[in-house]
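Here is what each chain is made of, one letter per residue.
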Amino acid sequence: QTVAEGNNSSLMGAYLYHDPVALEAFIRSGSACNENGDKTMGGRGKEHANMAASQSVGTMRSTFYGKYPAKRGGHNNKDVLNGYFDDLVQYVAMGFNKEKGVDNITKEDGGIFIWSDRTLKMLEKTKMNGYSMEGKKLVLVSYLFEIYYDLLISPTNNVSKSAGLERFIGVFTN
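Residues numbered from 1 in each chain as written. Predicted model: local features only at pLDDT ≥ 70, side-chain atom pairs only at ≥ 80, totals over all residues. Heavy atoms only, no water.

Participant: Please explain the packing of aromatic side chains as it appears in this structure.
Facilitator: The description of two aromatic rings rests on the distance between their centres and on the angle between their planes. According to the stated counting rule, one finds eight aromatic pairs in the structure shown. Members of the aromatic cluster, each reached through a chain of ring pairs, are Tyr15, Tyr17, Phe64, Tyr65 and Phe85. Across the ring face of Phe64, the terminal group of Arg28 is positioned such that the distance to the ring centre comes to 4.9 Å. (Phe/Tyr/Trp six-rings, centres within 6.5 Å; stacked < 30°, edge-to-face > 60°. Lys NZ or Arg CZ within 6 Å of the ring centre and 35° of its normal.)

Participant: Got a minute to help me understand the pattern of salt bridges in this structure?
Facilitator: Side-chain pairing between opposite charges can occur once the charged atoms of the two side chains come close. Taken as a whole and assessed by the stated rule, the structure comprises five salt bridges. Its salt-bridge partner being Glu47, residue Arg44 comes within 2.7 Å of it at the nearest N-O pair. Separated by three residues within a single helix, Arg44 and Glu47 lie in helix α1 (residues 41-52), roughly one turn from each other. With a relative accessible area of 36%, Glu47 lands in the partly exposed category. One salt bridge in this structure joins Lys71 and Asp87, with 3.1 Å as the shortest N-O distance. (Salt bridge = Lys/Arg side-chain N within 4 Å of Asp/Glu carboxyl O. Helix = DSSP H or I, 4+ residues; strand = E, 2+ residues; numbered from the N terminus. Buried < 20%, exposed > 50% of the residue type's maximum accessible area, 1.4 Å probe, protein only.)

Participant: In this structure, what is going on with unusual backbone geometry? I would like to understand it.
Facilitator: Excluding glycine, a negative phi dihedral is what most residues carry, and trans is how most peptide bonds are arranged. Look at Glu24: it is not a glycine, yet its phi comes out positive at around 50°. When you line up the elements, Glu24 lands in the loop between β1 (12-19) and β2 (25-32). Of note in this structure, Asn129 is not a glycine but carries a positive phi near 50°. Summarising the element assignment, Asn129 is placed in the loop between α5 (117-125) and α6 (133-152).

Participant: Explain the sheet that holds β2 here, please?
Facilitator: The strands that make up a sheet pair up through hydrogen bonds in the backbone, lying either parallel or antiparallel. With respect to topology, three strands assemble into an open sheet ordered β2-β1-β3, the strand pairing being antiparallel. Of all the strands in the sheet, just β2 and β3 (89-96) have a single pairing partner and so form its edges. Direction aside, the axes of adjacent strands within the sheet are offset by 20° on average. Bridge count between β1 and β3: seven bridges; the pairing is antiparallel. Paired with Tyr15 across the bridge in β3 is Val92. Across the sheet, α1 is in contact with β1, β2 and β3; its angle to β1 comes to roughly 45°. Of the strands in this sheet, β1, β2 and β3 are in contact with α6, which crosses β2 at around 170°. (Pairing = 2+ DSSP bridges. Axes fitted to C-alpha atoms, helices over the stretch in contact; angles between N-to-C directions. Contact = heavy atoms within 4.5 Å.)

Below, the structure written as structure tokens:
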């Protein structure tokens with residue numbers, strides 16, 4: 001399902017971008033998740049749209065926005081673009097709604113994940129602006145699926161150069 005369908009824009013988790021015009025393939029994975037549930041796939045999609053319409057130096061260095069600028073406001077260097085951001089479709093790869101319950105994801109006994117002592121200790125040590133253990137687990141699971149789907153995208157089509165796990169390797173803190 002697309003992020004635009006139904007209430008999917010309010011989901012957190014992992015998402016994919018598909019180019020239905022130029023490549024007819026998935027081109028990028030990403031994730032959206034935070035402690036209080038307001039970093040959603042729909043919100044992340046709006047952030048991507050704004051960045052694609054920007055001509056800032058940082059945006060111009062991005063492979064994603066360089067190859068898929070917005071039709072209005074984005075760059076017009078036809079030598080580097082594959083298509084336009086406006087034509088991309090954002091899909092839900094793995095989604096959850098914190099308000100509807102995430103116990104099966106985060107519980108340590110009887111959930112869908114086995115949370116090893118080593119992982120729990122690493123999460124305890126990870127500083128993420130006061131996130132609870134549940135919040136850290138949800139972010140980690142979102143990254144897990146982002147990386148999983150990233151591995152399924154052909155390297156020739158993948159326009160993301162992000163390693164994932166940014167909050168755990170210290171790139172982002174909130």
